[in-house]
Amino acid sequence: MTTAPAARVPADPPPAAPVRRPRALDTEAVHAGREDLAAMGLHAPPIDLSTTHPSADSRAEAARIDAFAATGSRPEGPPVYGRVDNATTARFEDALARLEGTAGAVAFASGMAALTALLLARAAGGAGHVVAVRPLYGCSDHLLDGVLPGTSVTRVTSDGIAAAIRPDTGLVLVETPANPTLVELDIETVARACGSVPLVVDNTFATPVLQRPATLGARTVLHSATKYLGGHGDVMGGIVACDEELACDLRRVRFATGAVLHPLAGYLLLRGLATLPVRVRAQSATAAELARRLADHPAVGRVRRPAVGGAMLAVEVVGDPHRVIAGVELITPAVSLGGVDTLIQHPASISHRVIGEEGRRDGGIGDRLLRISVGLEDVEDLWEDLDRALNACRESVTDSR
Ligand SMILES: Cc1ncc(COP(=O)(O)O)c(C=O)c1O
């Protein structure tokens, strides 16, 4: 006996998945890079300190190595060796990419190692020419001066970018707000001037809390993670947030040159991201109040705070800036920035010493400029300290008359 085929009843369409609005930055900062923890029965991210990953299957390892060499993608499964990938660092990379709105991110031992890898990755593809807008952090500026083989630089003001681009230009590098003057650029305008050449924005000062360059046309975002991302002055790191194609190139450079982020640093930086939004907003509010008071101080010629916000201040004093540095008691006289405590430094002596007088003049970095990174202390305590030190600086003007 044959049975007639069952009549086909059209299936109900699957229920439409509810549309979820994207999570806010504050939520991502706390949860990104940690999504798998609960299923693993964990609350804090595990720290994988392995430098190597055992395998009895050499053929599988060979295939993994070949795949990494060919693509630069993160290997499936264990990464063979600690210079290829690390599970803890990967959490920090994924989280920062989410905050910056890029497909991926690649972490390095420091901000300078991250910039070096970017330059080498582009030079390896025959595009070692860089167009750069001053001012830049002193060591970044110095690195562009042909320190790395196969690289060269043309320095321009922002309106000269388009004209300076050559067939071998691999990237355009800007900082906004710039270290140390806090001068700002309009990222969308600059990105248009770059055409098809990748724009790299060093976002160390603004952080993704205040500005997300990738959403404004920049292909690549650079951070000294040593600063706000870590936030406590106790970890060095750097990271490049970018598309997956560039991320693959950067992973291969990192594997070849070895400037990996230590997994403990990866852990601390991921933890730092969780409080990044609250730290940046609280520090910015204090900086805004200090900027207001500094503008009226007789020892201050000019104070600049970025329009985008943030906790960095550029203060030009009328007297001897070294007296201010020597006069503070609560504020720490030290280079670096972005931590929970307030730091002050004299760029011409420290952060921008390496570029020499001409480089500083070109970048508008005067001898009376002080750079302040405002921390989380009480605003009145900070003001008392600054006011006292500035008054001593003003006396130096009277003394020298
Ligand atoms: C804006 C900026 N970019 C990059 C760097 C370099 O970062 P690192 O000191 O982590 O190597 C710094 C360091 O101060 C910086 O201020």
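Look up a bit, the structure's there.
Before going into details, it helps to say that this report is about the structure given with it.

So, how was this worked out
- Residues numbered from 1 in each chain as written.
- Predicted model: local features only at pLDDT ≥ 70, side-chain atom pairs only at ≥ 80, totals over all residues.
- Heavy atoms only, no water.
- Phe/Tyr/Trp six-rings, centres within 6.5 Å; stacked < 30°, edge-to-face > 60°.
- Helix = DSSP H or I, 4+ residues; strand = E, 2+ residues; numbered from the N terminus.
- Buried < 20%, exposed > 50% of the residue type's maximum accessible area, 1.4 Å probe, protein only.
- Lys NZ or Arg CZ within 6 Å of the ring centre and 35° of its normal.
- Near = heavy atom within 4 Å.
- Polar contact = N/O pair within 3.5 Å; in protein donor to acceptor, adjacent residues only side chain to side chain.
- Areas by Shrake-Rupley, 256 points an atom, 1.4 Å probe, with all protein chains shown as cover.
- 1 Å grid on protein atoms, 1.4 Å probe; cavity = no way out; pocket = protein on both sides within 12 Å on 5 of 7 lines; lining within 4 Å.
- Sits in = over half its atoms within 2 Å of the grid points.
- Nonpolar A, V, L, I, M, F, W, Y, C, P; charged D, E, K, R; others polar.
- Points joined across faces, edges and corners; volume = space filled by probe spheres on them.
- Salt bridge = Lys/Arg side-chain N within 4 Å of Asp/Glu carboxyl O.

1. Focus on the packing of aromatic side chains
Both the distance between ring centres and the angle between the ring planes are used here to describe each pair of aromatic rings.
Move 1: Going through the model one piece at a time under the given rule, you end up with one aromatic pair.
Move 2: Ring geometry for F68 versus F255: centroids 5.6 Å apart, planes at 80°, classification edge-to-face. Of this pair, F68 sits in helix α2 (residues 58–71) while F255 sits in helix α9 (residues 244–257), and the two are 187 residues apart along the sequence.
Move 3: Overall, the relative accessible area of 5% leaves F68 in the buried class.
Move 4: When the ring centre of F255 is taken as reference, the NZ or CZ atom of R83 above it lies at 5.0 Å.
Move 5: Sitting above the plane of the F108 ring, R254 keeps its charged end 6.0 Å from the centroid.

2. A few points about the site of the ligand
Move 1: Near the ligand, the surroundings consist of 14 residues, among which M112, D202, S224, T226 and K227 are the closest.
Move 2: N179 is positioned with one of its side-chain polar atoms (N or O) 3.0 Å from an oxygen atom of the ligand.
Move 3: Between the ligand and the protein, one listed contact pairs a nitrogen atom with a side-chain N or O atom of D202 at 2.6 Å.
Move 4: When the ligand is considered free in solution it has 390 Å² of accessible area, and contact with the protein chains removes 93% of it.
Move 5: Using a 2 Å cut-off from the grid points, one finds that the ligand occupies the largest pocket.
Move 6: Split into classes, the residues belonging to the shell around the ligand amount to four nonpolar, seven polar and three charged.

3. Let's talk about the layout of surface pockets
Move 1: Of the volumes computed, that of the largest pocket is approximately 340 Å³.
Move 2: When residues of the lining of the largest pocket are traced back to their parent elements, those giving at least two are α4 (111–124), α5 (138–144) and β6 (220–224).
Move 3: Partitioning the lining of the largest pocket into residue classes produces twelve nonpolar, ten polar and four charged.

4. Considerations on the pattern of salt bridges
Move 1: Scanning the entire structure with this criterion turns up 22 salt bridges.
Move 2: R166 serves as the salt-bridge partner of D168, at 3.0 Å between the closest nitrogen and oxygen.
Move 3: We note a salt bridge from R293 to E380, for which the minimum N-O separation is 2.9 Å. Separated by 87 residues along the polypeptide, R293 in helix α10 (residues 263–295) and E380 in helix α13 (residues 379–399) bring together distant segments of the chain.

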